[in-house]
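If you want the building blocks of each chain, they are given just below.
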Amino acid sequence: MTETRTLLAVCLVALVPGWPAAAMSGDATAIPEARADELRHMVRQDCGSCHGLRMTGGLGAAITPEDLADRDPQDLAGLILDGIPGTAMPPWRPLLTEDEALWIADYLLEGDEK
Amino acid sequence: MTLRALAAAALAVLMLTGPAMADDLRGTGDLGLIVEREAGSLLVVDRSERAAIGRIEGLGDLSHASLVYSPDERFAFVFGRDGGLSKVDLLTQSVVNRVIQGGNSIGGAISDDGRLVAVSNYEPGGVKVFDADTLALVADIPMGSKTVGIADVPGSRFVVATWDTGEVWLLDHSADPANPEITRLEGIGANPYDALLTGDGRTYIVGLFGEKGLTAVDLWQDPPQATRFLPDYGRDQPDMPVYKMPHLQGWTLADGVYALPAVGLHQLLWVDAATLAETGRTELAGQPVFALARPDKREVWVNFAPPDNDKVQIIDVMTRKVTRTLTPGKGVLHMEFAPRGREVWLSVRDENRVEIRDARSHEVLAEIEARAPSGIFFTDRAHRMGL
């Protein structure tokens, strides 16, 4: 199921070259709204433990949209899933699917509009 | 008749005003503050009434906020993530002063004489020290690193550890508050993530994230002596992800032993306080965050990092076994015991409430509504070293 979703998302992106990353985050087909709410909460609260409630940094780096400008969403999703060895950034793969990590990457790049 | 009526009226006035004046006076010894992290506010609570009695707003970004109390237990100094240092009055329930002193702060401490408030900053990395009355800057000590685990040491001193450079700095403000005498200990270990001062003010224990083990600094020695301990704990086991750093404030000294939250292991580590040797481990339900001794030291209460942060486990100090697993609700961020250990207050962030439990029967006694509550701070901290 997860793989199908990822595939679908990848295909969609591939079909529309130059589709801005931001457009993907609204991809309701990938992440149900209830889960998206949970992910938003998780970013603010759990990522916020280190990165700050407002993503302005703490023990972890600042990760506001300005700080992340020009970062590739796929790369960010990879960082979220696998962490950064040798630092305090843990791998979130046990708690997130790849789609969810990508959703979070997009959410961070866009900023909190909700 | 008229005289009688007058007398009665006078009596009535006396009866009305007398008690009203008595009500206007109050102590602060059973008060506390609860951080509402998202709202940037503090809930003022009364332990005796088990109720919120007010709210202080306008404190900025309170993620990871902490606070310390003035010696008279009337004022609190609040350290916000946005670098804000705020002085609040529990009696008038208002912000009496506020300065933005840094870009990103992590905590603070108050000197033993109550005159100096030190703020530990991530950005710019170092410590700034302020006058407790006016919040005017007294000393600025850049350290070239994020700083963690600041605590007050007897004699107008502060101690702090540095995340990036693995050092401990002792700042002695007793001779000249503006120019502290600095003692710098290098080679404490890789990435200190937090530290604590024991209740007697003698030993500063530093937790390490970048390598296994911890470091104890004996502040009675001159110069202070650093000793590594538990250098190998968990080396034979793969580390589990740490989704929230343990906090060491409130690390337990119970019955001659430290009960320490392991990093990357779902365990509580028992260490002989005299020899710093490991004496046992207790398996836990998740990555421990706080390991707090009930004030009588008979039990240790532990909360957890995500995804196990709905639970609290209670460990019997004599048997070192988990005697009970409570599930107060989603996001149990902090616990604070009443000074004599009768009750414990738990913040349940995701359910917007604080739960008050009997610390012996563990029954829920009351609940208080709060907006995404995190830290709970009772005023008795004013009289405890390291808090």
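Below you will find a few notes about this structure. (Residues numbered from 1 in each chain as written. Chains lettered and ligands numbered in written order. Predicted model: local features only at pLDDT ≥ 70, side-chain atom pairs only at ≥ 80, totals over all residues. Heavy atoms only, no water.)

Quick word on the overall build of chain A
Note the following rule: Helix numbering and strand numbering both begin at the N terminus, where a helix is a DSSP run of H or I of at least 4 residues and a strand a DSSP run of E of at least 2. Only protein chains enter the accessibility calculation, which uses a 1.4 Å probe; a residue is then buried when its area is under 20% of its type maximum, exposed when over 50%, and partly exposed in between. Between two residues, a contact is recorded if the distance between any of their heavy atoms is within 4.5 Å. Surface accessibility follows the Shrake-Rupley procedure with a 1.4 Å probe radius. Residue values consider only the protein chains on display as shielding.
For chain A, the count of helices and strands is 5 helices and 0 strands. Secondary structure elements in chain A, listed N-terminal to C-terminal, are α-α-α-α-α. Taken over 114 residues, chain A has a buried fraction of 42%. Nonlocal contacts in chain A, meaning residues at least 24 apart in sequence, comprise 55% of its contacts between residues at least 6 apart. On chain A, roughly 6000 Å² of surface is accessible, and the fraction owed to carbon and sulfur atoms is 61%.

Regarding empty space enclosed by the protein
Residues and elements named next belong to chain B. Short version of the rule: We place a 1 Å grid over just the protein atoms. Points where a 1.4 Å probe fits but has no way out form a cavity, open points with protein on both sides within 12 Å along at least 5 of 7 lines form a pocket, and any residue with an atom within 4 Å of a point lines it. Grid points are joined across faces, edges and corners, and a volume is the space filled by probe spheres set on the points. For this classification, the nonpolar set comprises Ala, Val, Leu, Ile, Met, Phe, Trp, Tyr, Cys and Pro, the charged set comprises Asp, Glu, Lys and Arg, and every other residue, Gly included, is treated as polar.
Evaluation of the coordinates by the stated rule reveals 2 cavities of 30 Å³ or more. If you add up the space inside the second largest cavity, you get close to 40 Å³. Tyr-193, Gly-207, Leu-208, Gly-213, Leu-214, Tyr-233, Leu-260, Pro-261, Val-263 and Leu-269 are the residues that line the second largest cavity. For the lining of the second largest cavity, a count of residues per class yields 8 nonpolar, 2 polar and no charged.

As for unusual backbone geometry
Residue and element names in this part refer to chain B. For the peptide bond that leads from Glu-123 to Pro-124, omega is -5°, which places it in the cis range. A cis amide bond links Asp-222 with the next residue in sequence, Pro-223, at an omega value of 0°. One can find Pro-223 in the loop between β18 (214-218) and β19 (225-229). Positive phi, close to 60°, is recorded for Leu-276, a residue that is not glycine. Among the structural elements, Leu-276 can be located in the loop between β22 (267-272) and β23 (278-283). Phi angles above zero are rare outside glycine, and Ala-372 is one such case at about 40°. Along the polypeptide, Ala-372 turns up in the loop between β31 (364-369) and β32 (373-378).

Some remarks on the sheet that holds strand β10 (residues 126-131) of chain B
Residues and elements named next belong to chain B. Definition in use: What makes two strands pair is DSSP finding at least two bridges between them. The axes are straight lines fitted to the C-alpha atoms, using for helices just the contacting stretch, and the angles between their N-to-C directions are given from 0 to 180°.
What the 4 strands build is an open sheet, ordered β8-β9-β10-β11; its pairing is antiparallel. Unpaired on one side and paired on the other, β8 (104-110) and β11 (137-142) mark the two borders of the sheet. The average undirected angle you get between the axes of adjacent strands in this sheet is 20°. As defined by bridge partners, β10 adjoins β11 across 5 bridges and the pair is classed as antiparallel. Residue pairing across strands places Lys-128 opposite Asp-140, the latter belonging to β11.

Thoughts on the packing of helix α3 (residues 33-51) of chain A against helix α5 (residues 98-110) of chain A
All names here are of chain A. Put simply, the rule reads: Roughly parallel covers angles under 35 degrees, roughly antiparallel covers those over 145, roughly perpendicular covers 65 to 115, and oblique covers all other angles. Two helices that cross are described as forming a left-handed crossing if the nearer one is turned anticlockwise from the farther one by less than a right angle, and a right-handed crossing if clockwise.
Two elements in contact, α3 and α5, have axes separated by 11 Å at closest approach and are oriented at 60°. In terms of orientation, α3 and α5 fall into the oblique class. Handedness of the crossing formed by α3 with α5: right-handed. Each of Arg-35, Ala-36, Leu-39, Arg-40 and Val-43 in α3 lies in contact with α5, whose residues at this interface are Glu-100, Trp-103, Ile-104, Tyr-107 and Leu-108.

Here's the deal with the packing of helix α4 (residues 73-82) of chain A against α5(A)
All names here are of chain A. Two numbers describe how α4 lies on α5: the axes approach to 8 Å, and their chain directions differ by 120°. Classed by the angle they form, the pair α4 and α5 counts as oblique. The interaxial crossing formed by α4 with α5 has right-handed handedness. Judged by residue contacts, Pro-73, Gln-74, Leu-76, Ala-77, Ile-80 and Leu-81 of α4 engage Glu-98, Ala-101, Leu-102, Ile-104, Ala-105, Asp-106 and Leu-109 from α5. Considered class by class, the residues forming the contact of α4 with α5 number 10 nonpolar, 1 polar and 2 charged.

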